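# Architecture and fold: a report
Each chain, written out:
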Amino acid sequence: MNNNEKRSKKDDNNKSSHNRRAFGQWLFFIAIALFVILILRFSYIAIGGTVEHINLSSQARRLYTDNKVLKAQRGSILDASGQPIAEDTSTYSIYAVLNKSQVGANKKPLYVTNKAKTAKILAKYLPISKKEALKALNPTNKNSFQVEFGTAGKNISVATKEKIESYKLTGINFIQSEARLYPNGTFASNLIGITASVQKKSSDITQLKGIMGIESAFNKKLTGTDGERSIQKDKFGYQLPSSQEKKAAVDGENIYTTLDTRLQTLLESEMTKVQAQVHAKSMTATIMNAKTGAILATSQRPTFNPTTKSGISKAWSNSIVQDTFEPGSTMKVFTAAAAIDSGHFNAKEKYKSGTYKIDGQVVPDWQTSGWGLITYEEGFARSSNVAMAHLERKMGAKTWKKYIKKFKFLQSTNSGLSGEAKGSMQFSYPIDQADTAFGQGIDVTTMQMLQGFTAIANNGKMVKPQYIKKIVNSNTGKVTYRMKTKTVAHPISSSTAKEVRKLMQDVVYKSYGIGSDFKLSGYRVAAKTGTAQVVGSNGTYLNTDDSYLYSVVGMVPASNPKYIMYITMKQPTLPATKTATQLLDEIFSPVMKQALGENSTTAKNQLTGKAKIANMVGETADTATKQLGKESIAATVLGTGNTVTRQSVAANTEMLAGQRVILVTSGQMQMPNMSGWSRNDVLKLTKLVGLQADFSGTGFVKSQSIKAGATIQSGQTLTVKLKQK
C-alpha cells in the first residue's frame, strides 16, 4: 500500500470518527431536549394537576372513593289531625328471566321453570289474567332474555311483592323505585295533586316532583336535599381508617292541610253516588269554616285515583280555581247584598214578575208567566230574574260594578294553586249589566264564590279561603308556617249581611221558597239555589234539557253560620224521579250534618233524642241512608250492591241520635274509613263481616291496620288504635 492510499484511508477513518462524534452530540442534545420537555410536562402536571382537561386529583379520588347518595325523603301531606294523605313509599316493577343459561350456585335455575304456575300466581295478585301472563312468558322472540308485564307489572306495593315472593317462583325478580303513596285513594285528589319522577340536572339520580295541586304549589318545601356518604379506599378496595365523610340528607317539610278526613271521605262517597245517577259533565262540592276560611272538604267530578292514576286523563284541572262558569241564581246573593247596602232595596215593594224588557230585550223569569205582582223579598225566595234585573237598574251599572269589585270577583283569590283563573264579564250594554245581576254573562271560580259568601256569613267581613293549616320542619319538628284567618275586605255592613241571610232563609222555609229540600232537622238553614244556562262551543246558550248548571249555597246555623257549603252540578242528565235540588241535597244534607255533629258548639243543638230503627232490609242503600240521616243516625254502607241485605242493628231497636248503623249489600266489600268511630261501632262492623278485632288505647279510632278502600277478607285481623278526643 503506497503512501497516498494510506493517507486516503486515514482521512476516511478521521471523517468517520468525526461523523460519529457529531451524531453522538446530536443524540445527546436530543436526549437533553426530550428530558427538559418531560421535566416541563411533569412540572406542568404537578402544578396544574390536569391532563387533557381531566383533573388527576379528582380522578384519583373517584377511583379510590366510594360515593353514595343519601336520598332525602319528600315531605308528607296530611289532614288537619295528622293522618297521611300523601307520603313517600317504595313500589316495585316485576320482570321474568327466560334465558336458560342463567343459573346460580349448585346450578340452581334463575329463570322461569314453570310458566303455568307462574302465570297463575301472577294473575292472582296482579291486574292481569292467567292467559295474558302466559302470553307474556311465551314471547314470539324465542331468544328473549327477559320479559315484563306492561302496566300490570308496575307500581306493585310491598305487600303484593311479598305475597308473590312467598311462592318462591324461579326467574321472577323485582326492581325497587321511589314512589308516592296516597293511602285514601280518591280523596280531594285535584287539590292534593300528584308527583312524577324526574331526572336531576347533570345526574342520573331521579326524584319526585309535584305536577298538580299542593304537590306542585309547595314542591320546594316538600322536596328535601339529598345527602352524601364518601368512603376512601386503598388500591385493594379496603376502607381506609377514619376516612368516612357524611353529609346528612335534609328531608322535605310536612304540610298539614285543613281537610277533615271524616268529612272528606263522606263527601267523596256522596259525590260518587250522585254522579252515578246523573253523569254530570262536571261537579264540585266544598264545605268550609265560615269564620276562618278553612276548607274542610272539597271534591270534584271528574276526578282520579292518584295511586293508580285511573281517571286522570279527564281530570287534569283543579276545578275550584281553574274552571270558570256562569253561576246563575246563586249570584243573586251578591245582587241583593249590593242593593240593600247601597240603599236600593225595599223588601215589601212590589214589581210585576214574569218578564221585563230592557232596550227591547226580554229578561224572563224561569216561570215566564210569573206570579203576578209580588214583593222583592218573595221574588228572591222564588229566584226571580226580573226582580234582580230591576234591582240592578235601580242601583245603576256603576254602583253594581263597584260591588262586584268589592266582593273581589274578576281577580285572583291568590290561592297559591297553579293556573288560577280570574274570570270575566260582559258589561257593555244595559242587557249585559242586568244579566250579571242573576249570574249570566259573568264567569267566576268556585274559590271566588266561596270567598264572597264569607262576607254574608260573617256579618260583612270577607275572609280568604285557605287549605293549609301548618307546615312543619320534619327534621326539627319546628312549625315554620301556621294558618291565620285573613280578612280580605268588608264589602257590606253587618246589617246588610244579616238581612241577606234572612232572605236566604225564606228560600228554605217560606211556602213559595224553592229550597225546601235543604231543611235540616234541628238547624235553621240559609240557602240559595241556582240554575244557569250553559254556553255552548259556538258562544250561544244551549237550550236542551241537560244544558244547565245547577247549584246551591247553604249556611248553617243561619243566625251565626259556622259552615258554608257550595255545590255545583253542570249538565246532568236528571232522572225522571228526582229534581236537581233533591240531588244536590243528597250531598248537602249528610255532609253538613256530619260537620255540625263534629263541632262542639253546634252538635249540642242536634244530637239529642232517640230514634227507632226501621227494617232496612230490601230497601235501596240510598233510601236507607237518607231515612237514617233524617233521624240523625249515621249510616255506613258495605258492598257494591243496590239493595240492603243485612243491618247491624235489629229493626225496632231504639238508638240515640248520632249513633251508627252499618248496612250490608251484595258484592265486594271495602273497608270504610273508621277515623272517629267508637269501639262499639268497630265491633259491629267486625261481627258483620267476619273480622277479628284487636284494640289498643281508649276512646275513638285514631288509626286502622286495614286501609280504607281495601277489600275486606273474612278472617283478617283488624288492629285499631283508639284515642280520646
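Residues numbered from 1 in each chain as written. Predicted model: local features only at pLDDT ≥ 70, side-chain atom pairs only at ≥ 80, totals over all residues. Heavy atoms only, no water.

### Quick notes on the packing of aromatic side chains
Where we set the bar: Aromatic contacts are taken between Phe, Tyr and Trp rings whose centres are within 6.5 Å, Trp giving its six-membered ring; a plane angle under 30 degrees counts as stacked, one over 60 as edge-to-face, and the others as tilted. In DSSP terms, a helix is any run of H or I states spanning at least four residues, a strand is any run of E spanning at least two, and both are numbered starting from the N terminus. A 1.4 Å probe rolled over the protein chains alone gives each residue an accessible area, and that area as a share of the maximum for its type sets the label: buried under 20%, exposed over 50%, partly exposed in between. By definition, being over a ring means that NZ of Lys or CZ of Arg is both within 6 Å of the ring centre and within 35 degrees of the ring normal.
Enumeration over the complete set of coordinates arrives at 10 aromatic pairs. With a centroid separation of 5.3 Å and 65° between ring planes, the pair formed by Phe453 and Tyr566 is classed as edge-to-face. Within this pair, whereas Phe453 is found in helix α16 (residues 446-457), its partner Tyr566 is found in strand β27 (residues 563-570), the two being separated by 113 residues in sequence. A relative accessible area of 0% places Tyr566 in the buried class. Among the aromatic residues, those joined into a ring-pair cluster are Phe334, Phe407, Phe409, Phe453 and Tyr566. It is Lys528 that lies over the ring of Phe380; its NZ or CZ is 5.9 Å from the centre. Over the ring of Phe695 we find Arg679; its NZ or CZ atom is 4.1 Å from the centre of that ring.

### Points about the sheet that holds strand β30 (residues 644-647)
How we decide: A pair of strands counts as paired when DSSP detects no fewer than two bridges linking them. Comment: axis = line fitted to C-alpha atoms, over the contacting stretch for helices; angle = value between 0 and 180 degrees taken between N-to-C directions. By definition in these notes, contact holds between two residues if any of their heavy atoms fall within 4.5 Å.
With mixed pairing, 3 strands are arranged side by side in an open sheet as β29-β32-β30. For this open sheet the edge positions go to β29 (634-638) and β30, each flanked by a neighbour on one side alone. Recorded for the sheet is a direction-independent mean angle of 30° between the axes of neighbouring strands. As defined by bridge partners, β30 adjoins strand β32 (residues 660-665) across 3 bridges and the pair is classed as antiparallel. What sits directly across from Gln647, in β32, is Leu663. Running over the sheet, helix α20 (residues 621-630) touches β29, β30 and β32 and is turned about 175° from β32. On top of the sheet, helix α21 (residues 679-689) reaches β29, β30 and β32; it is set at about 20° to β32, its chief contact.

### Considerations on the side chain of Glu268
Let me state the cut-off plainly: Under the rule applied, a polar contact is a pair of N or O atoms within 3.5 Å (in protein, one hydrogen donor and one hydrogen acceptor; residues adjacent in sequence only if both atoms are side-chain atoms).
Tracing the backbone through its elements, the reader meets Glu268 in helix α9 (residues 261-278). Taking relative accessible area as the criterion, Glu268 reaches 7% and is therefore assigned buried. Of note is the side chain of Glu268, whose polar atom sits 2.9 Å from the side chain of Gln264. Dropping the residues within four chain positions of it, Glu268 is found in contact with Thr186, Phe187, Ala188, Thr298, Ser299 and Arg301.

### Considerations on helix α11 (residues 332-341)
Judged by how many residues are buried, α11 sits mostly within the fold: 9 of 10 residues are covered. Along α11, the residues classified as buried are Lys332, Val333, Phe334, Thr335, Ala336, Ala337, Ala338, Ala339 and Ile340. Just past α11, the residue Gly343 takes up positive phi, approximately 80°.

### A closer look at a positive patch on the surface
Rules: Exposure above 30% relative accessible area and the lack of any salt bridge qualify a residue for a patch; like charges then connect within 9 Å, and the nonpolar side chains Val, Leu, Ile, Met, Phe, Trp and Tyr within 5 Å. Only the protein chains shown count as cover for residues, with accessible areas throughout obtained via the Shrake-Rupley method and a probe of 1.4 Å. We define a salt bridge as a contact between a side-chain nitrogen of Lys or Arg and a carboxyl oxygen of Asp or Glu at a distance within 4 Å. Charge counting follows a simple rule: Lys and Arg are positive, Asp and Glu are negative, and His as well as the terminal groups are ignored. Here the site of a charge means atom NZ of a Lys, CZ of an Arg, CG of an Asp or CD of a Glu.
Among the surface-exposed residues, Lys120, Lys124, Lys130 and Lys163 lie close enough to one another that they form a single positively charged patch. Topologically, Lys120 is positioned in helix α3 (residues 115-125).

### What about the sheet that holds strand β25 (residues 526-533)?
If you walk across this open sheet you meet the 5 strands as β14-β13-β27-β26-β25, and the pairing is antiparallel. Of all the strands in the sheet, the pair left with one neighbour each is β14 (295-301) and β25. The sheet shows a mean angle of 5° between the axes of neighbouring strands, direction not considered. When strand β13 (residues 282-289) meets β27, the two strands line up antiparallel, connected through 8 bridges. Paired with Ala285 across the two strands is Ile567, which belongs to β27.

### Details of the nonpolar core
Our working rule: Think of a nonpolar core as a cluster: buried Ala, Val, Leu, Ile, Met, Phe, Trp, Tyr and Cys residues, connected wherever their side-chain atoms sit within 4.5 Å.
Core analysis: the largest hydrophobic core is formed by 88 residues, its most contacted members being Ile192, Ile214, Trp400, Phe453, Met504 and Met555. Setting aside anything within four residues of it in sequence, one finds Trp400 in contact with Met331, Phe334, Thr335, Ala338, Glu392, Met395, Phe427, Gln433, Thr436 and Ala437. Counting 35 residues, the second-largest nonpolar core is a separate cluster that includes Met271, Tyr550, Ile567 and Ile587.

### Description of the pattern of salt bridges
Throughout the structure, instances matching the rule amount to 18 salt bridges. Here Asp88 ties to Arg180 by a salt bridge, and the two come within 3.0 Å at their closest N and O atoms. Highlighted residues: Asp88 in strand β5 (residues 84-97) and Arg180 in strand β7 (residues 172-181), separated in sequence by 92 residues. Judged on exposure class, the residue Asp88 and its partner Arg180 are both buried. The salt bridge involving Lys578 is made with Glu586; its shortest N-O contact spans 2.8 Å.

### Observations regarding a nonpolar patch on the surface
Together, Phe28, Phe29, Ile32, Val36 and Leu40 make up an exposed nonpolar region whose accessible area comes to about 500 Å². Mapped onto the elements, Val36 comes out in helix α1 (residues 3-48). In this structure Val36 comes out as partly exposed when scored by relative accessible area, which is 40%.

### Some words on the side chain of Ser353
Within the secondary structure, Ser353 is located in the loop between β15 (350-352) and β16 (355-358). Given the relative accessible area of 2%, Ser353 is considered buried. Polar contacts involving the side chain of Ser353 include one to the main-chain amide nitrogen of Trp371, which spans 2.7 Å.

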